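In case you want the letters, here they are:
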Amino acid sequence: MNDLLLQQYRSFLKDTIRKTVDFSKTDQNLGVAPPPIEKPFSNDAVRIDLLKEDSWKNISAISLSEAIKNRKSRRTFLDRSLKLDELSFLLWATQGIRHQIDQGHAYRTVPSAGCRHALETYLYILKVEGLDSGVYRYLPLEHQLLFEFSEERMSEKLVKAVLRQPYPGKAAVTFIWTALPYRMEWRYGLAAHKVIAIEAGHVCQNLYLACEAISCGTCAIAAYDQETIDKLLRMNGLDEFVIYIATVGKVKM
Ligand SMILES: Cc1cc2nc3c(=O)[nH]c(=O)nc-3n(C[C@H](O)[C@H](O)[C@H](O)COP(=O)(O)O)c2cc1C
């Protein structure tokens, strides 16, 4: 391997870039208003209320150490649907709002550098009780699902987009996280990108652990065709693009 090239790519993992950024010139320090906490949506969009913490019935009280001990990547799922309270729980665990500070800042159930939270959550739903199959987006502030679109032969197209890994075609729900880099760049400029990737890891780890509490399994997916999946999700791939994927389904524990 070309050593120079390796060093060049390894620098992404380092924080050396911070020394090169003039933070007085970031949009935050220039007084530009922060980008919205979640992507805006139109008032006539179809939205589905999710269940809140006090009405979850299917969440077992497994210990944290049990969840951590049992966690593993699970790629084979039972032919069973998730209940809406289970999906609500998984969405809360991965991106739920803990406390909103103002229009531009909110604490969530996962950490994020500078509390910028640069991700959005899309779901390809195949089997959730009471929901039609299709692509949805989680609205953390409202704790609702927004119906995005349905697409002919979506399972097949998704499998193709993840380089023919078969699980997303069979999983009850596939989580597809996108990055909106400007949310982080607004504060950190060119030092934004490594921390976005780290943030995605935190989100997916919460999904792994939360799945353990509802007899579900998940498997992280980072191998996919970028352009194909961005197109499939109907996004431009510039201001917003897919960064991480995870399939979820019921499993025999
Ligand atoms: C960043 C990341 C990317 C991954 N991408 C894939 C993937 O594309 N396909 C897949 O089947 N598993 C993927 N995995 C799951 C790993 O293969 C799995 O975590 C590893 O084999 C260890 O197994 P365990 O999770 O059961 O401990 C990924 C895991 C991580 C953390």
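Residues numbered from 1 in each chain as written. Predicted model: local features only at pLDDT ≥ 70, side-chain atom pairs only at ≥ 80, totals over all residues. Heavy atoms only, no water.

(A) Examining the packing of helix 3 (residues 84–95) against helix 6 (residues 193–212) more closely. Contact pair helix 3 / helix 6: the axes reach a minimum separation of 8 Å and the direction vectors enclose 145°. The element helix 3 and its partner helix 6 pack so that their crossing is right-handed. Residues Phe 89, Leu 90, Ala 93, Thr 94 and Gln 95 of helix 3 lie in contact with helix 6, whose contacting residues are Val 203, Asn 206, Leu 207, Ala 210 and Cys 211. Of the residues contributing to the contact of helix 3 with helix 6, the split by class is seven nonpolar, three polar and no charged. (Axes fitted to C-alpha atoms, helices over the stretch in contact; angles between N-to-C directions. Helix = DSSP H or I, 4+ residues; strand = E, 2+ residues; numbered from the N terminus. Left-handed = near helix turned anticlockwise from the far one by under 90°. Contact = heavy atoms within 4.5 Å. Nonpolar A, V, L, I, M, F, W, Y, C, P; charged D, E, K, R; others polar.)

(B) Geometry of the environment of Ser 65. Looking at where Ser 65 falls in the secondary structure, it is placed in helix 2 (residues 64–70). Distance from Ser 65 to Met 253, taken between C-alpha atoms, is 16 Å for residues 188 residues apart in sequence. A polar atom in the side chain of Ser 65 sits 3.3 Å from the side chain of Ser 63. (Polar contact = N/O pair within 3.5 Å; in protein donor to acceptor, adjacent residues only side chain to side chain.)

(C) Summary view of the sheet that holds strand 1 (residues 47–49). Spatially, 1-6-5-4-7-9-8 is the arrangement adopted by the seven strands of the open sheet, whose pairing is antiparallel. With partners counted over all chains shown, the strands left at the sheet margins are strand 1 and strand 8 (216–221), one partner each. Within this sheet the neighbouring strands show an average axis-to-axis angle of 25°, counted without direction. Here strand 1 pairs with strand 6 (residues 144–149) via three bridges, running antiparallel. (Pairing = 2+ DSSP bridges.)

(D) Main features of the packing of aromatic side chains. Tallied over the entire structure, the rule returns six aromatic pairs. Centroid distance Trp 56 to Phe 89: 5.2 Å. Interplanar angle 75°. Geometry classified as edge-to-face. Here Phe 89 lies in helix 3 and Trp 56 lies in the loop between strand 1 and helix 2, a separation of 33 residues in the sequence. Each of the two residues, Trp 56 as well as Phe 89, counts as buried. Above the ring of Tyr 208, the side-chain terminus of Arg 71 is found at 4.9 Å from the ring centroid. Against the face of Phe 149 rests Arg 234, its NZ or CZ located 3.8 Å from the ring centre. (Phe/Tyr/Trp six-rings, centres within 6.5 Å; stacked < 30°, edge-to-face > 60°. Buried < 20%, exposed > 50% of the residue type's maximum accessible area, 1.4 Å probe, protein only. Lys NZ or Arg CZ within 6 Å of the ring centre and 35° of its normal.)

(E) Molecular detail of empty space enclosed by the protein. All told, the structure shown has one cavity of 30 Å³ or more when counted by the stated rule. What the largest cavity holds in volume is close to 60 Å³. Pro 35, Pro 36, Ile 37, Gly 104, His 105, Ala 106, Arg 108, Cys 115, Arg 116, His 117 and Arg 183 are the residues that line the largest cavity. Classifying every residue of the lining of the largest cavity gives five nonpolar, three polar and three charged. (1 Å grid on protein atoms, 1.4 Å probe; cavity = no way out; pocket = protein on both sides within 12 Å on 5 of 7 lines; lining within 4 Å. Points joined across faces, edges and corners; volume = space filled by probe spheres on them.)

(F) Expanded view of the nonpolar core. Leu 87, Leu 90, Ile 125, Leu 131, Leu 145, Val 173 and Phe 175 are the most contacted members of the largest nonpolar core, which totals 44 residues. Every element with two or more residues in this core is listed here: helix 3, strand 4 (119–125), strand 5 (134–139), strand 7 (173–179), helix 5 (182–188), helix 6 and strand 9 (241–250). For this core, the element with the highest residue contribution is helix 6, accounting for eight residues. Leu 90 has contacts with Leu 82, Phe 175, Leu 207, Ala 210, Cys 211, Ile 214 and Val 248, leaving out every residue within four places of it along the chain. (Core = buried A, V, L, I, M, F, W, Y, C linked by side-chain atoms within 4.5 Å.)

(G) Highlighting helix 3. Here helix 3 spans 16 Å end to end across 12 residues, near enough to the 16 Å set by a 1.5 Å rise per residue. Within helix 3, 11 of the 12 residues are buried, which leaves it mostly tucked inside the rest of the structure. Residues of helix 3 that are buried: Leu 84, Asp 85, Glu 86, Leu 87, Ser 88, Phe 89, Leu 90, Leu 91, Ala 93, Thr 94 and Gln 95. (Expected span 1.5 Å × (residues − 1).)

(H) Seen up close, the site of the ligand. The environment of the ligand is made up of Arg 71, Lys 72, Ser 73, Arg 75, Gln 165, Tyr 167, Cys 219, Ala 220, Ile 221, Ala 222, Ala 223 and Tyr 244. Between an oxygen atom of the ligand and a side-chain N or O atom of Tyr 167, the distance comes to 3.1 Å. Take Ala 222: an N or O atom from its main chain is 3.1 Å from a nitrogen atom of the ligand. Protein contact buries 53% of the 610 Å² of open area that the ligand shows by itself. Per element, the largest residue contribution to the shell around the ligand is three residues, and it comes from strand 8. Partitioned by chemical class, the residues of the shell around the ligand number seven nonpolar, two polar and three charged. (Near = heavy atom within 4 Å. Areas by Shrake-Rupley, 256 points an atom, 1.4 Å probe, with all protein chains shown as cover.)

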